[in-house]
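Here is what each chain is made of, one letter per residue.
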Amino acid sequence: MIIAIDGPAASGKGTLARRIAAHFGLRHLDTGLTYRAVAAALLARGLPLGDEAVAVATARNLDLAHLDRDVLSAHEIGEAASRIAVLPGLRQELVRLQRAFAMEPPGAVLDGRDIGTVVCPDATVKLFCTASAQERARRRTAELQSKGVEATLETVQADLERRDARDAARTVGPLKLADDAHLLDTSEMDIETAFKAAVDIVDNVYAR
Ligand code: C5P
């Protein structure tokens, strides 16, 4: 059983993916962390973000069991991750790792941008989680402020929109809705409501 959850930044897909995985007893991989981990390693060593060979070599050393969400959630790492995510060779390497993770029994929930389209096109269930740019910015701003990070709604929204545009425009693995994905717009939902809606979608696919 593989559940693919795609969507733009701050759409709530990460929280949803974690809860869905726990509910169905599946393993979970936040694929954004794999791009972030490569970006963080390059930044830490002062290496250029545009060098594909260096990025691929870094990805080959990645250990999926040791991705530290707290460290990798830093804003500058997210920005660098979105910049290196355009490199086709890097995507190929990370997709290979992500697929291997998905294939291990009993299955997994993967969240990202290209799970339903590229990484796991045969996933059992595909969800595309989205929310309006204003709502996503509101959530991300509140999250940052709760961690004591200074952030304004305007700068966060501008940031998210820039990242969305880059993710949607790249030629390899762009953010897009798979033909057979179920759209879940969480603009008007709290996490509990979104979780129940997602479980209903998965249960319905299974009942067929
Ligand atoms: O989801 P998160 O914000 O952690 O992802 C960081 C960046 O990694 C995204 O902006 C995107 O460019 C890239 N990414 C990707 N494909 C994925 C997951 C993330 O290109 N499957």
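Here goes a summary of the coordinates provided.

Calculation rules
Residues numbered from 1 in each chain as written. Predicted model: local features only at pLDDT ≥ 70, side-chain atom pairs only at ≥ 80, totals over all residues. Heavy atoms only, no water. Near = heavy atom within 4 Å. Polar contact = N/O pair within 3.5 Å; in protein donor to acceptor, adjacent residues only side chain to side chain. Areas by Shrake-Rupley, 256 points an atom, 1.4 Å probe, with all protein chains shown as cover. Helix = DSSP H or I, 4+ residues; strand = E, 2+ residues; numbered from the N terminus. Nonpolar A, V, L, I, M, F, W, Y, C, P; charged D, E, K, R; others polar. 1 Å grid on protein atoms, 1.4 Å probe; cavity = no way out; pocket = protein on both sides within 12 Å on 5 of 7 lines; lining within 4 Å. Points joined across faces, edges and corners; volume = space filled by probe spheres on them. Phe/Tyr/Trp six-rings, centres within 6.5 Å; stacked < 30°, edge-to-face > 60°. Lys NZ or Arg CZ within 6 Å of the ring centre and 35° of its normal. Pairing = 2+ DSSP bridges. Axes fitted to C-alpha atoms, helices over the stretch in contact; angles between N-to-C directions. Contact = heavy atoms within 4.5 Å.

## Focus: the site of the ligand
Next up, step 1: Lining the immediate surroundings of the ligand are 15 residues, of which Arg36, Arg91, Asp114, Asp167 and Arg170 lie closest.
Next up, step 2: Contacts to the ligand include arginine 91, whose side-chain N or O atom sits 2.7 Å from an oxygen atom.
Next up, step 3: Measuring from an oxygen atom of the ligand, one finds a side-chain N or O atom of arginine 170 at 2.9 Å.
Next up, step 4: Taken by itself the ligand offers 450 Å² of open surface, and the protein chains cover 96% of this.
Next up, step 5: Secondary structure elements with two or more residues in the shell around the ligand: helix H2 (31-44), helix H5 (75-84) and helix H9 (153-169).
Next up, step 6: When residues of the shell around the ligand are assigned to their parent elements, the largest contribution, four residues, is made by H2.
Next up, step 7: Across the shell around the ligand, the residue classes tally to three nonpolar, four polar and eight charged.

## Here we look at empty space enclosed by the protein
Next up, step 1: Summed over all chains, the structure comprises one cavity of 30 Å³ or more.
Next up, step 2: The space that makes up the largest cavity amounts to roughly 30 Å³.
Next up, step 3: As for the largest cavity, its lining consists of Asp6, Gly116, Thr117, Lys126, Leu127, Phe128, Lys176, Ala178 and Ala181.
Next up, step 4: Taken together, the elements giving at least two residues each to the lining of the largest cavity come down to helix H7 (115-119) and strand S4 (125-130).
Next up, step 5: Split by residue class, the lining of the largest cavity holds four nonpolar, two polar and three charged.

## Some words on the packing of aromatic side chains
Next up, step 1: Using the criterion set out here, one finds zero aromatic pairs in the structure.
Next up, step 2: When the ring centre of phenylalanine 195 is taken as reference, the NZ or CZ atom of arginine 19 above it lies at 4.1 Å.
Next up, step 3: Just above the ring of phenylalanine 101 sits the side chain of arginine 27; from NZ or CZ to the centre is 4.1 Å.

## With respect to the sheet that holds strand S3 (residues 108-112)
Next up, step 1: Read across the sheet, five strands follow the order S2-S3-S1-S4-S5 without closing on themselves; strand pairing throughout is parallel. In this open sheet, the two strands that pair with only one neighbour each are strand S2 (27-30) and strand S5 (182-185). Each strand axis lies, on average, 20 degrees off the axis of its neighbour in the sheet, ignoring direction.
Next up, step 2: The pairing of S2 with S3 spans four bridges and is parallel. For leucine 29, the partnering residue across the bridge sits in S3 and is leucine 110.
Next up, step 3: Running over the sheet, helix H6 (residues 88-103) touches strand S1 (2-6), S2 and S3 and is turned about 150 degrees from S3.
Next up, step 4: On the sheet, helix H10 (residues 191-207) packs against S1, S4 and S5 and is oriented at approximately 170 degrees with respect to S5.

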